[in-house]
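Here's the letter readout for the chains.
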Amino acid sequence: MTGQTLSARNLSLARNKVIANKGACGVDGMEVSDLRAFIGLHRSAICTSIIHRRYRIAPVRGVDIPKGKGRTRSLGVPTVVERWLQQAVGQQPADRFELDLEEGSYGLRPRKNARQAVLKGRSYINDGHQDMVDIDLKRSFDEVPHYKLLQLIYHKVSCKTTSWPIRKWLRAPILIRGELHKRRKGIPQGSPSSPLLSNILLDQLDKCLKEKGYKFVRYADDFSVYTTSKSKARAIGNETHIFLRDKLDLPIDREKSGIRRPNPFKILGHGSVPTYKKGAEGQYQIVVDKRSWQTLERKLKHIAKGTLPMRLTERIAELKPIYRGWPNNFRLGNIEGRIKRLDEWLRDRLRYCIWADWKKPGRKRKDLIGLGVGQGQAYAWSRTRMGGWAVAQSPILKTTMTKARLEQRGYEQMLDHYHKVRSR
């Protein structure tokens, strides 16, 4: 196992994945772009120090990101070098654990994804299992007990080159607002090893549910069990709560957990509504949850904010990952009409940013003339008292800064990406 973990091929694959994933720098300030050169100079020394257990783990940088409704989620950002090593170490046991994971687990596994989890949940609902046990773990990544996780790893992995650094990474202190904090439980979200480690722990729950013959879907720490009656759902919910509390030492968020019916039930940003077709009584179709739409609109509005100092090409580059990725994640729902309206709104936001970027009346007049507006009309519009958002929706910008001109600057429609992924 030692040779496989620290082999040139395994380390090279790990390096390429870390570079492709990009990400922020850790406590040492090293950027992802510097990793290739660093490995070329120090790979041999790092491998030797790991084999002889002399390698010193760097602290994790703690970052709080907004979660909605004024709440935040804590992320742990390891250094770029630590991410490379975690990826290399995790690639080896991942294959071994993967063979033992249950079919109902879809989160962060090869050839498994969130769409499959949503479709499986809908198939259970349409088969008549319409009383669901929806369980939300309370700060699951922060509450994982290290000793239980390490026991599971030791049973599967006998290689000390793999198990020793995992233990060190789990115990690495986290730097929050300039202060180091010790950790004896929890997996910092943001590290390459955290998905694998959480799957290893929660697989114990999957096996318990499978042994009892329950139908369930789990994606990372989001899981639900599907039953045919409220009494069964209540009994399963109590069993699951006791198992998580006594066997895995994981608390349940009682406010977010409960017995659900298909209509208010949400799974991975998707909801269910009845299908109103002849002969399809009791069947449900997938829709996108309201909060998922709100999150998308909030992200787009932040980047297309007129007061944000950014060139148009930079804004479009920032927008691309969002309006390419979101339709791919939520393509199961019928979202064409709303995406079309959202595209129109986003083009108006970009026109508003262009108008705000022109700033002075002289610049506005000159650029309007350059877009084919007559001198008199350009002069009048450059000195209008209308607000920027009103001007962005007026004919003066819609007929000059057209969709074709925006596309020349790199703009792409979300609707086009939705059609591409939908056809696949």
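Predicted model, so just to flag it, every value in this text is computed and none were measured.

Caption draft 1: Up close: the pattern of salt bridges. Applying the stated criterion across every chain, the model contains 17 salt bridges. Between lysine 207 and aspartate 203 there is a salt bridge, with the nearest N and O atoms lying 2.6 Å from each other. In this pair, lysine 207 and aspartate 203 are both assigned in helix H9 (residues 194-211), four residues apart and thus about one turn of the helix distant. Pair check on accessibility: lysine 207 and aspartate 203 agree, each one buried. A salt bridge links arginine 324 to glutamate 412; its shortest N-O distance comes to 3.0 Å. With arginine 324 in helix H12 (residues 312-329) and glutamate 412 in the loop between helix H18 (403-408) and helix H19 (414-423), this pair connects stretches of sequence that are 88 residues apart. You can call arginine 324 partly exposed: its relative accessible area is 40%. One salt-bridge network, held together by shared partners, links Asp100, Glu102, Asp203, Lys207 and Lys210.

Caption draft 2: Looking closely at the nonpolar core. Membership of the largest hydrophobic core comes to 54 residues, with the highest contact counts inside it found for Trp84, Leu149 and Leu244. Sorting elements by how many residues they give to this core places H9 first, with eight residues. Aside from chain neighbours lying at most four places away, what touches tryptophan 84 is Leu11, Ala14, Arg15, Val18, Leu35, Ile39, Arg43 and Ile46. Counting residues in hydrophobic clusters, the runner-up holds 36 residues, among them Leu300, Leu342, Ile354 and Leu397.

Caption draft 3: Representation of the pairing of strand E3 (residues 131-136) within the structure. The element E3 is extensively covered by neighbouring structure, given that five of its six residues are classed as buried. Where E3 lies against strand E7 (residues 222-227), six bridges are found, and the strand directions are antiparallel. Within E7, the residue paired with isoleucine 135 across the bridge is phenylalanine 223.

Caption draft 4: Representation of the packing of aromatic side chains in the model. Scanning all chains against the criterion turns up seven aromatic pairs. One aromatic cluster is present, formed by Tyr124, Tyr226 and Phe265 through successive ring pairs. Over the face of the ring belonging to tyrosine 106 we find lysine 112, whose NZ or CZ atom lies 4.5 Å from the ring centre. Above the plane of the ring of tryptophan 389 lies arginine 349, whose end atom (NZ or CZ) is 5.4 Å from the centre.

Caption draft 5: Inspection of unusual backbone geometry at higher detail. Positive phi, normally seen in glycine, also occurs at lysine 22, with a value near 60 degrees. Locating lysine 22 in the fold gives a position in the loop between helix H2 (8-21) and helix H3 (35-51). The class of lysine 22 is exposed, set by a relative accessible area of 60%. For arginine 53, which is not glycine, the phi torsion reads 60 degrees and is therefore positive.

Caption draft 6: Seen up close, the sheet that holds E7. Judged by pairing direction, the sheet is antiparallel, and its four strands sit side by side in the order E6-E7-E3-E8 without closing on themselves. Two strands in the sheet have a free side with no partner beyond their single neighbour: strand E6 (215-219) and strand E8 (258-260). Neighbour-to-neighbour, the strand axes of the sheet open up by a mean angle of 25 degrees, direction not taken into account. Of the strands in this sheet, E3, E6 and E7 are in contact with helix H5 (residues 114-126), which crosses E6 at around 160 degrees. Sheet strands in contact with helix H10 (residues 230-247) are E3, E7 and E8, and its direction is about 25 degrees off that of E3.

Caption draft 7: Summary view of the packing of H12 against H19. Where H12 contacts H19, the two axes come as close as 9 Å, and the packing angle between them is 40 degrees. Put simply, H12 runs oblique to H19. Of the two elements, H12 crosses H19, and the hand of that crossing is right-handed. The segment H12 lies against H19, with Tyr323, Arg324, Pro327 and Asn328 engaging Met414, His417, Tyr418 and Val421.

Caption draft 8: Representation of the packing of helix H13 (residues 336-358) against H19 within the structure. Between H13 and H19, whose axes approach to 8 Å, the crossing angle comes to 150 degrees. Between H13 and H19, the interaxial angle falls into the category roughly antiparallel. Together, Glu336, Ile339, Lys340, Leu342 and Asp343 of H13 and Met414, Leu415, Tyr418 and His419 of H19 make up the contact between the two elements. The residue inventory of the contact of H13 with H19, partitioned by class, reads five nonpolar, one polar and three charged.

Caption draft 9: Structural context of the sheet that holds strand E11 (residues 284-288). Pairing within the open sheet is antiparallel, and its three strands lie in the order E9-E10-E11. Across the chains shown, the open sheet's two edge strands, defined by having one partner strand only, are strand E9 (266-267) and E11.

Caption draft 10: Quick peek at the environment of glutamine 285. Positionally, glutamine 285 belongs in strand E11. Linking glutamine 285 and isoleucine 396, residues 111 residues apart in sequence, is a C-alpha distance of 42 Å. Beyond its immediate chain neighbours, meaning those up to four positions away, glutamine 285 contacts Arg122, Gly271, Ser272, Val273, Pro274 and Thr275.

Caption draft 11: Representation of H19 in the model. Within the sequence span of H19, burial applies to Met414, Leu415, His417, Tyr418 and Val421. Projection of H19 onto a plane perpendicular to its axis shows the buried side chains occupying an angular sector of 160 degrees, all on one side. Against helix H11 (290-303), H12 and H13 lie the buried residues of H19.

Caption draft 12: Quick look at a positive patch on the surface. Positive charge collects at one region of the surface, where Arg167, Lys168, Lys182 and Arg184 lie side by side. Among the secondary structure elements, arginine 184 is positioned in the loop between strand E5 (179-181) and H9. By relative accessible area, which is 52% here, arginine 184 ends up exposed.

Caption draft 13: Focus on the environment of asparagine 10. Here asparagine 10 shows up in helix H2. For asparagine 10, a relative accessible area of 5% translates into the label buried. In this structure, the C-alpha to C-alpha distance between asparagine 10 and glutamate 336, residues 326 residues apart in sequence, is 42 Å. Here the side chain of asparagine 10 touches alanine 88 through a polar contact of 2.9 Å, landing on its backbone oxygen.

What counts, and where the lines are drawn
Residues numbered from 1 in each chain as written. Predicted model: local features only at pLDDT ≥ 70, side-chain atom pairs only at ≥ 80, totals over all residues. Heavy atoms only, no water. Salt bridge = Lys/Arg side-chain N within 4 Å of Asp/Glu carboxyl O. Helix = DSSP H or I, 4+ residues; strand = E, 2+ residues; numbered from the N terminus. Buried < 20%, exposed > 50% of the residue type's maximum accessible area, 1.4 Å probe, protein only. Core = buried A, V, L, I, M, F, W, Y, C linked by side-chain atoms within 4.5 Å. Contact = heavy atoms within 4.5 Å. Pairing = 2+ DSSP bridges. Phe/Tyr/Trp six-rings, centres within 6.5 Å; stacked < 30°, edge-to-face > 60°. Lys NZ or Arg CZ within 6 Å of the ring centre and 35° of its normal. Axes fitted to C-alpha atoms, helices over the stretch in contact; angles between N-to-C directions. Parallel < 35°, antiparallel > 145°, perpendicular 65-115°, else oblique. Left-handed = near helix turned anticlockwise from the far one by under 90°. Nonpolar A, V, L, I, M, F, W, Y, C, P; charged D, E, K, R; others polar. Arc of directions from axis to C-beta. Patch = residues over 30% accessible without salt bridge, like charges linked within 9 Å, V, L, I, M, F, W, Y side chains within 5 Å. Areas by Shrake-Rupley, 256 points an atom, 1.4 Å probe, with all protein chains shown as cover. Lys, Arg positive; Asp, Glu negative; His and termini not counted. Charge placed at Lys NZ, Arg CZ, Asp CG, Glu CD. Polar contact = N/O pair within 3.5 Å; in protein donor to acceptor, adjacent residues only side chain to side chain.

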